[in-house]
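# Coordinate inspection notes
Each chain, written out:
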Amino acid sequence: MESAIDTHLQCPRTLSRRAGEDYRPPFPVWVARGAEDLTQVVMGYFGVQFRGEEHRAEALAALRHIVDLFGRDDGPGAWDTTHHEDAAGYDNLVAVGYWRDPDTYGRWLARPEVAGWWDSDDRLTANVGFFREIASPRVDQFETLYPFTDRLPGVGGVMDGVSDEVEEHAYWGSMRDRIPLSQTDRMRPAGELSAEGDPARGGRVIVRGHDNVALIRSGQEWPDADPDERELYLTEIEPALRAAMDFLRDRGHRLGCYSNRYVRSVDLDGVPTDKTYAISHWRSLDRLEQWAETHPSHLRVFVAFVSTAKRLPTLRLYHEVSVFDAGEQYYEYVNCHPATGLLRDAVPASPA
């Protein structure tokens, strides 16, 4: 058993762990490992927003085009595609890409066919909206957790391997303890989200993040479940999970949740698969922890899972949690409704 924090990222602690030195977890889990030359990754969420079945074909064509761009030189090392309906009733198709370093992402983004497509005035006159939410955490700013060691989803797809069993899990606060930066930094937020442009008027709006915005991707996969296990998951756990996710989507603002999307993985024709995950942006890791540890909506999910976990042997649960420097975030929305993503909580930037 080893620490979730890799040896080359360990340093003398000035902040203590939540668990004591003699703590031993009750079951095995693993984390993704990066080689020492992996210093920073890029997480990119590229969305297409539409309302009404008459625009579905145009939205799917745009999603396929984004994925086609992923296949060009310097594209992401791992990607997936999802669908969700937001609180305003809009459908959203999202292609999520992960890059091993910002330089590779920068070269991809600068390609004429990528930059030209995104910056084109055609985006402004389309019948669908577009957004891109890009964040680049250093390796000391994110953690992962998997109860399996193969086919790692999300950022695990661009990492280099898997740890041995790790110590820091199965207690409140273990998420923070797995982030290397937590050894010396409380990762508290500073500043506010700010918007360049007017979300109410549409067009292009850029949102600037503040220090230590937190992002969690928390996933559930059941493609290998037999009929009984599938039925158990979909009738006893998934409804509680969906209720918690809808609560955060609709009322999470007062808890510090900037945006919550409960998404279903889909293929490039929009056909759903047996995979879901939540994408949640929070003002801070503190706010995320407070909700997870104390709020009834999350505790109901926790109880539902604990009461049935032994009967769900093939259910794959995982998560990744990151915090970001202000300058390593970029959020852009084109013709999206004003409550999309981080638009809702962004304060209009003061004119120069």
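Anything mentioned here points back to the structure above.
Position numbers for residues count from 1 along each chain, tracking the sequence in the order it is written. Confidence filtering applies because this is a predicted model: local features only for residues at pLDDT of at least 70, side-chain atom pairs given and counted only at 80 or more, and all residues used for totals across whole chains, interfaces and linings. Neither water nor hydrogens contribute to the side-chain values; these are computed over all heavy atoms in the structure.

A few words now on helix H6 (residues 227–251). Each α-helix winds once per 3.6 residues, and so residues spaced three or four apart point in a common direction. A rise of 1.5 Å per residue sets the reference length of H6, with its 25 residues, at 36 Å; its end C-alpha atoms lie 34 Å apart and thus fit the reference within 8%. Glu238 marks the point of greatest bend in H6, at about 45 degrees, and the proline Pro239 comes within the next four residues. In the core, the buried residues of H6 are packed alongside strand S10 (213–221), strand S11 (257–266), strand S12 (272–282), helix H7 (285–294) and helix H8 (296–308). Identification of polar contacts relies on pairs of N or O atoms within 3.5 Å, with a donor-acceptor requirement for protein atoms, meaning one able to donate a hydrogen and the other able to accept it, and with residues adjacent in sequence counted only if both atoms are side-chain atoms. Numbering of helices and strands runs from the N terminus; a helix is a DSSP stretch of H or I covering at least four residues, while a strand is a stretch of E covering at least two. You can read the cap of H6 off the contacts: a side-chain oxygen lies 3.1 Å from the backbone nitrogen of Asp228, and it is on Asp226. The length a helix should cover is 1.5 Å for every residue beyond the first. For a residue, the bend is simply the angle between two axes, fitted respectively to the seven-residue segment ending there and the seven-residue segment starting there. We call two residues in contact whenever any of their non-hydrogen atoms come within 4.5 Å of each other.

The term nonpolar core refers to a set of buried residues drawn from Ala, Val, Leu, Ile, Met, Phe, Trp, Tyr and Cys, joined through side-chain atoms within 4.5 Å. Exposed residues in this analysis have more than 50% of their type's maximum accessible area, buried residues have under 20%, and partly exposed residues fall in between, with area computed by a 1.4 Å probe over protein chains only. With 37 residues, the main nonpolar core has Tyr45, Val155, Val207 and Tyr333 as its most contacted residues. No other element matches the three residues that strand S4 (residues 91–99) contributes to this core. Once residues lying within four places of it in the same chain are set aside, the contact partners of Val155 are Val41, Met43, Tyr98, Phe142, Thr144, Tyr146 and Glu320. The next biggest cluster of nonpolar side chains, apart from the first, holds 31 residues, and it includes Met175, Ala225, Ile237 and Ala304.

With respect to burial, S4 is a largely interior element, nine of its nine residues being buried. Along S4, one buried face is formed by Asp91, Leu93, Ala95, Gly97 and Trp99 and the opposite face, lined by Asn92, Val94, Val96 and Tyr98, is buried too. For two strands to count as paired, DSSP must find a minimum of two bridges between them. Looking at chain direction, strand S2 (residues 42–50) and S4 are connected through nine bridges and run antiparallel. Opposite Gly44, over in S4, you have Gly97 as the bridge partner.

The term salt bridge refers to a side-chain nitrogen of Lys or Arg lying within 4 Å of a carboxyl oxygen of Asp or Glu. Here the structure, examined in full by the defined rule, presents 35 salt bridges. The salt bridge involving Asp250 is made with Arg249; its shortest N-O contact spans 2.8 Å. Linked through salt bridges whose partners overlap, the residues forming this network are Asp68, Arg72, Asp73, Arg111 and Glu113.

Each pair of packed helices gets described by two things: the angle between the helix axes and the distance between those axes. Between H6 and H8, the least distance of the axes is 8 Å, while the angle of their chain directions is 165 degrees. As far as their axial angle goes, H8 and H6 are roughly antiparallel. At the point where H6 passes H8, the crossing takes the left-handed sense. Judged by residue contacts, Leu232, Glu236, Ile237, Ala240, Leu241, Ala244 and Phe247 of H6 engage Ser297, Arg300, Val301, Ala304, Phe305 and Thr308 from H8. Partitioning the contact of H6 with H8 into residue classes produces nine nonpolar, two polar and two charged. Axis lines are fitted to C-alpha atoms, over the contacting stretch for helices. Their N-to-C directions set the angle, which ranges from 0 to 180 degrees. Each angle is binned into one of four classes, with values under 35 degrees roughly parallel, values over 145 roughly antiparallel, values of 65 to 115 roughly perpendicular, and all other values oblique. Left-handed describes a crossing whose near helix is turned anticlockwise from the far helix by less than a right angle; the clockwise case is right-handed. In this classification, Asp, Glu, Lys and Arg are treated as charged, Ala, Val, Leu, Ile, Met, Phe, Trp, Tyr, Cys and Pro as nonpolar, and every other residue, Gly included, as polar.

The next thing to look at is unusual backbone geometry. Even without being glycine, Met187 reaches a positive phi, approximately 55 degrees. Tracing the chain through its elements places Met187 in the loop between helix H5 (174–177) and strand S8 (194–196). Residue Met187 is classed as buried on the basis of its relative accessible area, which comes to 0%. Unlike most non-glycine residues, Asn335 shows phi in positive territory, near 55 degrees. Topologically, Asn335 is positioned in the loop between strand S14 (329–334) and strand S15 (347–348). Take Asn335: its relative accessible area is 27%, and that puts it in the partly exposed class.

What follows deals with the environment of Val158. Locating Val158 in the fold gives a position in the loop between strand S6 (142–145) and strand S7 (161–162). The exposure class assigned to Val158 is buried, which follows from its relative accessible area of 5%. Counting along the chain gives 55 residues from Val158 to Val213, while the straight-line C-alpha distance between them is 22 Å. Contact partners of Val158, with chain neighbours within four places excluded, come to Gly77, Ala78, Tyr98, Trp99 and Arg100.

Turning to the packing of aromatic side chains, a few remarks are in order. Two rings from Phe, Tyr or Trp (for Trp, the six-membered ring) form a pair when their centres sit within 6.5 Å of each other. Planes less than 30 degrees apart are called stacked, planes more than 60 degrees apart edge-to-face, and all others tilted. Using the criterion set out here, one finds 19 aromatic pairs in the structure. Measuring from ring centre to ring centre gives 6.0 Å for Phe70 and Trp99, while their planes differ by 90 degrees; the resulting arrangement is edge-to-face. With a gap of 29 residues between them, Phe70 in helix H1 (residues 56–70) and Trp99 in strand S4 connect regions that are remote in the sequence. Each member of the pair, Phe70 as well as Trp99, carries the same accessibility label: buried. Two conditions define a charge located above a ring, namely a distance within 6 Å from the ring centre to NZ of Lys or CZ of Arg, and an angle within 35 degrees of the ring normal. Here the basic side chain of Arg217 rests over the ring of Tyr277, its NZ or CZ set 3.7 Å away from the ring centre. The ring of Phe148 carries Arg316 above its face, with NZ or CZ at 3.6 Å from the centroid.

Okay, the pairing of strand S9 (residues 204–208) next. Of the strand pairs in this sheet, S8 and S9 are connected by three bridges, and their pairing is antiparallel. Opposite Ser194, over in S9, you have Arg208 as the bridge partner.

Let's shift gears to the side chain of Thr276. On the secondary structure map, Thr276 appears in strand S12. A distance of 2.6 Å separates polar atoms of two side chains, one belonging to Thr276 and the other to Gln220. Excluding residues within four positions of it along the chain, Thr276 makes contact with Ser218, Gly219, Gln220, Trp222, Tyr233, Tyr262, Val263 and Arg264.

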